[in-house]
Structure formats: structure tokens, C-alpha cells
Amino acid sequence: MKSANEFDVIIVGAGIAGMYMLYRMRELGLSVHVIEMASDIGGTWYWNRYPGARCDTDTMEYSYSFDEDLQQEWEWPERYPTQPEILEYLQHVAERFDLRKDISFNTRVETAIFDEATSCWRVSTDDGTAHSARFLIMATGCISEPNIPAIDGMQTFNGPIYHTARFPHDGVDFSGKRVGVIGTGSSGVQAIPVIAEQAAQLTVFQRSPQWSIPARNRSVDPDLVAEIKADYAGFRARNRLQSGAQLSHIPANDFSAMELSEEERQRVLEERWQLGGFPFFGAFNDITVSLESNKATADFVRDKIHAIVEDLTVAEMLTPDYTIHCKRPVLDSGYFEIYNRSNVHLVDLRATPIVAITPNGIRTSETDYDLDIIVLATGFDNMTGALLRIDIRGRAGLSLRDSWANGPVNYLGLQVAGFPNLFTITGPGSPSVLTNMMVAIEQHVEWVTECIGYMVDHEHDCIEATEEAQEAWVAHVNEVADQTLWVSCHNWYQGDNIPGKPRVFMPLPGFPPYVEKCAEVVANGYEGFVLS
Ligand code: NA7
């Protein structure tokens, strides 16, 4: 007989992954509990409430596929869902499957320690509760631990400072204010045009310019929706065969930029620019591997930036000098256009770095900028931050922080050697952030479900990745990444955004071969794992 805090499975995080994991564990008939630090479900979509927050994957792809009635019934209004719309969808899912009753909200996991005597995980939370479970599943998200830069004087600022991932729930009124935004990733690029509309003055502090592509949001096309819904399962299955598990229903072209004449190349790029969004990067099949194709694409976007931005100096500041698609692509709605407004000012932090935050604003090496509100759109400690925040200890007290001191190591992005029965959903070493996250999450949740079901059926207590399998997997991820241009610039895939973070390429490029490998591992009796 188990006590109130003893479970078969504990899941950390009630975002898209944790919610689906809970559903699946219940289906297996296991006792399961979810621990979530927020006051409700939603994960990323609970936290990221900054103005203009929107997903950049097309709506028809960005939803659960596991329940036919759910996917048939839900209606999305636009090409890309907004943060409130996705949260509403996830709230609907939570209600439909009665998920909340097995979730502790406002509760943060502090430690998770593997007890070798009982083969159980002992999990303690910030409210002082001790829980235990045979299986511990980390559904803590890849992009969830905010990066708050250490800038001198931050505490002295007279006004509010908001991180985009910790925005007030009732919004912020920027009207009549002098606002400074630090950071020009997806969050900054989405928020900046909206803030510029309201603020008296907006100063954008840019460390790296972005190869941003117009999102071209619009109402959904009812004919397209009907066509997809007529065979939603087939649509999902086809998407899973794409390298990025498909972020849009528009297929990529299967030719290189180098196979075309200059005139044809421009025609294809223009066509894709008009489509907007991720399909732009599907103009050619080798943008992420061929320097020539990459340069042809980058030159095209450079010309677009210069055509949009009226002031040549500003246009040049906004034009990146690194390979396109090397940083995580950014989609915008009127981003470059906003720099033609007289109330928007761009500061190049490479030329004039931030020295301090003062009571009155931001001081760079050249100027003092007086501000009323500062917005930190400075991103996240991606892929490892949320996991390493928790003190996780496996066999013989081995800490995950020590195990990952030189960068994350694991097998299939699912398990770390020395940490039995601990699974990471979309962990480093899996396709994760290089795919449609919904698809990657469902694939991992389903793999873990099958694995736990197998263990229960075969009365195994423990599953653990071997050191050899882990070593070979890490080498494989590096080998695949090294063949791409993703290693050719500073990006968060390699931890470059966080001072002192080990430089390791974290996600694995290529979803379909990964799925095949996961299936092969199972077919070979959980090859690379020890089951005991
Ligand atoms: P990102 O994409 O990591 O962007 C963060 C931005 O903040 C980026 O421009 C960074 O410049 C900049 N940054 C980070 N630290 C600093 C400091 N210390 N000073 C100045 N500028 C800084 O995060 P987002 O929230 O925009 O997007 C997250 C994900 O959401 C995105 O990848 C999509 O998946 C959706 P850098 O480029 O590092 O030079």
C-alpha cells in the first residue's frame, strides 16, 4: 500500500509534454502525479505573456494529434496561434481529460535523489513535501529557464524591469513611456513592433541582428482546414517524415540554390518570401549545409532589409554578418518597418556595450538612455537550464550538474547513464528545438510510455542507459551537427548566449532518422540500456 506521496510516476512540469505524459501514464493504469511551479497548466504558454507573443509554427501542426475528436473539433482562427489562444486550447485539453486533479501547482521541485536500496526517486519540493516514485519524468521544457543577464546596477533602476517570459498577467501599459528593450530574438522581434505602437519612445538594444522573415499571419483558409481534417492522421504522418517534423504544411523544395540560374534563384526566393514563415527556409534543400546556397539566401534577405529600412546606417546595423538560419529563425510582423518610425531608436551593443543600468535608464559605453520601463527579451538558459536548476542525484550520489559539467551527455536525449528510471522529454541530444516541438514531444512521450509499459509487463525495476551507449550517442550528435552550418555562428543551440556555459551543440538535427533509431533500439530489446 502506497502512502499519499508515493507514486509509480512523478512528472515535473505541466506544459505540453507533462500534460500528455500524465494522460498516457493514467492510460497505463499507473499512479502518477505532476509537480508544476506555475499556478496553472501551459508551460511556455503559461509564462510567455509579452505583447505580441505568438507561436511561429502553423496552427494546424501545433496541436496534439493523440485524440481524433480533439483535433477535429478544435478551431484555430489564424495561421499562427497567439499565446492566449494556445493557453485556451491547453486549458480545454486539461478540462477535457480532467488533468488538473493529478497536478500540484505553485510547487517547485528542489531535489530529486535516487535511492538505490529501493530503486525509487525521492523528490522534495519547496513546500517541504517529500514524494517518491519509481519513475521520474522531466517535462521541464527546452526554453523555460529565463536568462537574466548580470548587468551592474540592475537593482537601482527606478522603474519596472520585465523579462518577456515573466510578464505581468494583466499586461503593461506602455503608453506615453520611454521603453528600452534588450534582446532581438523571437521574443524581442515579436514584442518590439507592438511596444513601438504604444510607447512615446522605444530604444532597442541589439547585441546580434536577426535574419528575420515576414511571418505573413492571416486568417486560416477554411478549404485548407477541411482538406487537412479530412485526413488529419495522414497529414500528421507525412509531417513526421520531414527533417524538422514540419513547421508548416507547405513542403520544402527539393533542389539546391546552386542548381538554378541567378534569375530562377531570385524568383524562388521571392515566391517563398511572399509565402512567409518557415517555408522561406524551404526555398532550397541545402540552406543549412551549403555555404553557397546559404549565402545566396542571405544576400536576398539583406537586400530586403535594405529595401525596407530607410536609413542606410540603421539598415546596416540590422543586417547580420553570420550565416542565415544559424541562429534559431525569427519570424516577424512588421519588425524592420518599425525602424522607420521617429519614436524608435536602435543601439548597436557590439559597438557600444551596456556598461550599467542606472536609476534613470541604461548606460552604454557611449550614452546614457533615460527610460521608464526596461524589457529584458534576453532569452533562456536553453535545454539544460531547467534541469540543472534542480539538484538531481543518481547512483552513488552522482549529481547531474557534475555529470554535465562539460556539457550535457545522455543516450537518445532520453536518459543519462547513472540516473536509472529518469527520463527527459525532448532532452539535449534529441531533435527537440530543431523540430515542431509538438511532434517531438509526442514522439518522446509515446516512446517513454511504451518503455514503462514494457518494464511493468516484464517486471523490470530499473532501466538505465549504459556509459558506452551514451558515449557513442554524444559522438553521433556532434558528428551530425558538425556537418551543418548550425555550428558556424554564435547561437543558443551551443549555449553561446550564457556566459560560462560549455560550448556543446545540444539538439540533434534530423527528426526521421532519430525516430527510426528509437524504434530500432526498442526492436533490439532496448539496446544500449540495462534493464534489471
Ligand atoms: P533568444 O532567441 O535567445 O533571444 C535572446 C536575445 O537576447 C538575443 O538577441 C540575444 O543576443 C540577446 N541577449 C541575451 N543576453 C544578452 C545580454 N546580456 N545583453 C544583450 N543582449 C542579450 O530568446 P527569445 O526569448 O527571443 O526566443 C526564445 C525562443 O522562443 C526562440 O528560439 C523560439 O524558439 C521561440 P545574442 O543573439 O545571444 O547575441
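In this text the structure is predicted, and so the values were computed from the model without any measurement.

The rules behind each value
Residues numbered from 1 in each chain as written. Predicted model: local features only at pLDDT ≥ 70, side-chain atom pairs only at ≥ 80, totals over all residues. Heavy atoms only, no water. Axes fitted to C-alpha atoms, helices over the stretch in contact; angles between N-to-C directions. Helix = DSSP H or I, 4+ residues; strand = E, 2+ residues; numbered from the N terminus. Parallel < 35°, antiparallel > 145°, perpendicular 65-115°, else oblique. Left-handed = near helix turned anticlockwise from the far one by under 90°. Contact = heavy atoms within 4.5 Å. Nonpolar A, V, L, I, M, F, W, Y, C, P; charged D, E, K, R; others polar. Near = heavy atom within 4 Å. Polar contact = N/O pair within 3.5 Å; in protein donor to acceptor, adjacent residues only side chain to side chain. Areas by Shrake-Rupley, 256 points an atom, 1.4 Å probe, with all protein chains shown as cover. Disulfide = S-S within 2.5 Å. Buried < 20%, exposed > 50% of the residue type's maximum accessible area, 1.4 Å probe, protein only. Salt bridge = Lys/Arg side-chain N within 4 Å of Asp/Glu carboxyl O. Lys, Arg positive; Asp, Glu negative; His and termini not counted. Phe/Tyr/Trp six-rings, centres within 6.5 Å; stacked < 30°, edge-to-face > 60°. Lys NZ or Arg CZ within 6 Å of the ring centre and 35° of its normal. Pairing = 2+ DSSP bridges. Right-handed = clockwise from strand over helix to strand, strands pointing away. Bend = angle between axes of the 7 residues up to and from the residue. Core = buried A, V, L, I, M, F, W, Y, C linked by side-chain atoms within 4.5 Å.

Explain the packing of helix H8 (residues 262–275) against helix H9 (residues 291–308) here, please?
When two helices pack together, their arrangement is given by the angle between the helix axes and by the axis-to-axis distance. The N-to-C vectors of H8 and H9 enclose an angle of 60°; their axes lie 11 Å apart at closest approach. The orientation of H8 relative to H9 falls into the category oblique. Regarding H8 and H9, the two cross each other, and that crossing is right-handed. Packed against H8, whose contacting residues are Arg265, Gln266, Leu269, Glu270 and Trp273, the element H9 presents Ala296, Thr297, Phe300, Val301 and Lys304 at the interface. Among the residues forming the contact of H8 with H9, the class breakdown is five nonpolar, two polar and three charged.

Honestly, the site of the ligand in this entry has me stumped. Any pointers?
Close to the ligand lie 20 residues, the nearest being Ser186, Ser187, Arg207, Ser208 and Lys327. Within the backbone of Ser186, an N or O atom sits 2.9 Å from an oxygen atom of the ligand. The side chain of Ser187 places a nitrogen or oxygen atom 2.5 Å from an oxygen atom of the ligand. For the ligand, whose free accessible area comes to 780 Å², the fraction covered by protein is 85%. Split by residue class, the shell around the ligand holds seven nonpolar, ten polar and three charged.

Mind showing me how you'd approach the state of the cysteines here?
The term disulfide refers to a covalent linkage connecting the sulfur atoms of a pair of cysteines. Summed over the entire model, instances satisfying the criterion amount to one disulfide. Here Cys326 connects covalently by a disulfide to Cys489, the sulfurs 2.2 Å from one another. Its S-S torsion of approximately -105° makes the covalent link between Cys326 and Cys489 left-handed. With a gap of 163 residues between them, Cys326 in the loop between helix H10 (312–317) and strand E11 (330–332) and Cys489 in the loop between helix H14 (467–482) and helix H15 (511–523) connect regions that are remote in the sequence. Pair check on accessibility: Cys326 and Cys489 agree, each one buried. Free of any disulfide, Cys142 has its nearest neighbouring cysteine sulfur in Cys55, separated by 14 Å. Residue class for Cys142 comes out buried when judged on its relative accessible area of 6%.

How should the pattern of salt bridges be read in this particular structure?
Two side chains that carry opposite charge are able to pair once their charged atoms sit near each other. In total, this model carries 28 salt bridges according to the counting rule given. Of the charged contacts in the structure, one is a salt bridge between Arg122 and Asp115, with a shortest N-O distance of 3.0 Å. For Lys295, the salt bridge is made with Asp299, and the minimal N-O distance between the two is 2.8 Å. Separated by four residues within a single helix, Lys295 and Asp299 lie in helix H9, roughly one turn from each other. Each of Arg24, Glu27 and Glu446 takes part in a single network of salt bridges with overlapping partners.

Please clarify how the side chain of Glu36 should be interpreted in this entry.
Along the chain, Glu36 turns up in the loop between strand E2 (32–35) and helix H2 (44–47). Although Glu36 lies buried, it forms no salt bridge, and the closest oppositely charged side chain, Arg166, sits 8.2 Å away as judged by the N-O distance. A polar atom in the side chain of Glu36 sits 2.6 Å from the backbone nitrogen of Ala14.

How should the packing of aromatic side chains be read in this particular structure?
Two measures describe an aromatic ring pair: the distance that separates the ring centres and the angle between the ring planes. Evaluation of the coordinates by the stated rule reveals 35 aromatic pairs. Among the aromatic side chains, those forming a connected cluster through ring pairs are Tyr20, Tyr23, Tyr64, Phe66, Trp74, Trp76, Tyr89 and Phe97. Here Arg49 stacks its cationic end above the ring of Tyr46, 4.8 Å away from the centre of that ring. The ring centre of Trp47 lies 3.9 Å from the NZ or CZ of Arg166, which sits over that ring.

What is the right way to read the sheet that holds strand E13 (residues 354–358) from this model?
The pairing of strands in a sheet comes from backbone hydrogen bonds and takes either a parallel or an antiparallel form. Strand order in this open sheet of three strands is E13-E14-E15, and the pairing throughout is antiparallel. Looking at strand neighbours, the two that pair on one side only are E13 and strand E15 (368–370), the edges of this open sheet. Each strand axis lies, on average, 20° off the axis of its neighbour in the sheet, ignoring direction. Summarising the sheet, strand E14 (residues 361–364) and E15 pair through three bridges and their orientation is antiparallel. Residue pairing across strands places Arg363 opposite Asp368, the latter belonging to E15.

Looking at this model, I keep getting lost on the pairing of E2. Mind explaining?
Within a regular strand, side chains alternate between the sheet's two faces. Burial along E2 is two-sided: the residues Val32 and Val34 and His33 and Ile35 are all buried. Here strand E1 (residues 6–12) runs beside E2; their pairing, made up of four bridges, is parallel. For Ile11, the partnering residue across the bridge sits in E2 and is Val34. In this region the chain leaves E1, passes through helix H1 (residues 16–27) and returns to the parallel neighbour E2; the handedness of that crossover is right-handed. The pairing of E2 with strand E3 (residues 103–104) spans two bridges and is parallel. Looking across to E3, one finds that Ile35 is bridged to Ser104.

Looking at this structure, I do not really get helix H5 (residues 186–198). What am I missing?
Because the α-helix completes a turn every 3.6 residues, residues three or four places apart line up on one side. Remark: the principal bend of H5, roughly 30°, maps to Ile192, with a proline, Pro193, within the next four residues. Looking at H5, one finds that the buried residues are Ser187, Gly188, Val189, Gln190, Ala191, Ile192, Pro193, Ile195 and Ala196. For H5, the elements touching its buried residues are strand E8 (178–182), strand E9 (201–206), strand E10 (212–214), E11, strand E12 (344–348) and strand E16 (373–376).

Can you walk me through the packing of helix H13 (residues 437–457) against H15 in this structure?
Interaxial distance between H13 and H15 falls to 11 Å at its minimum, and their mutual angle equals 5°. It follows from the interaxial angle that H13 and H15 lie roughly parallel. Every residue of H15 that contacts H13 at Val439, Ala440, Gln443, His444, Trp447 and Glu450 is listed here: Phe511, Tyr514, Val515, Cys518, Val521 and Val522. For the contact of H13 with H15, the residue count by class is nine nonpolar, two polar and one charged.

Would you mind showing me how to read the nonpolar core here?
Looking at soluble globular proteins, one finds that nonpolar side chains tend to be buried together. Ranked by size, the top nonpolar core spans 60 residues in total, and within it Ile11, Tyr64, Ile137 and Trp447 carry the most contacts. Once residues within four sequence positions are removed from consideration, Ile137 is found in contact with Val9, Ile10, Ile11, Val12, Met21, Met25, Phe423, Ile425, Val448 and Ile452. Ala199, Phe278, Phe280 and Phe300 belong to the second-largest nonpolar core, a separate cluster that totals 55 residues.

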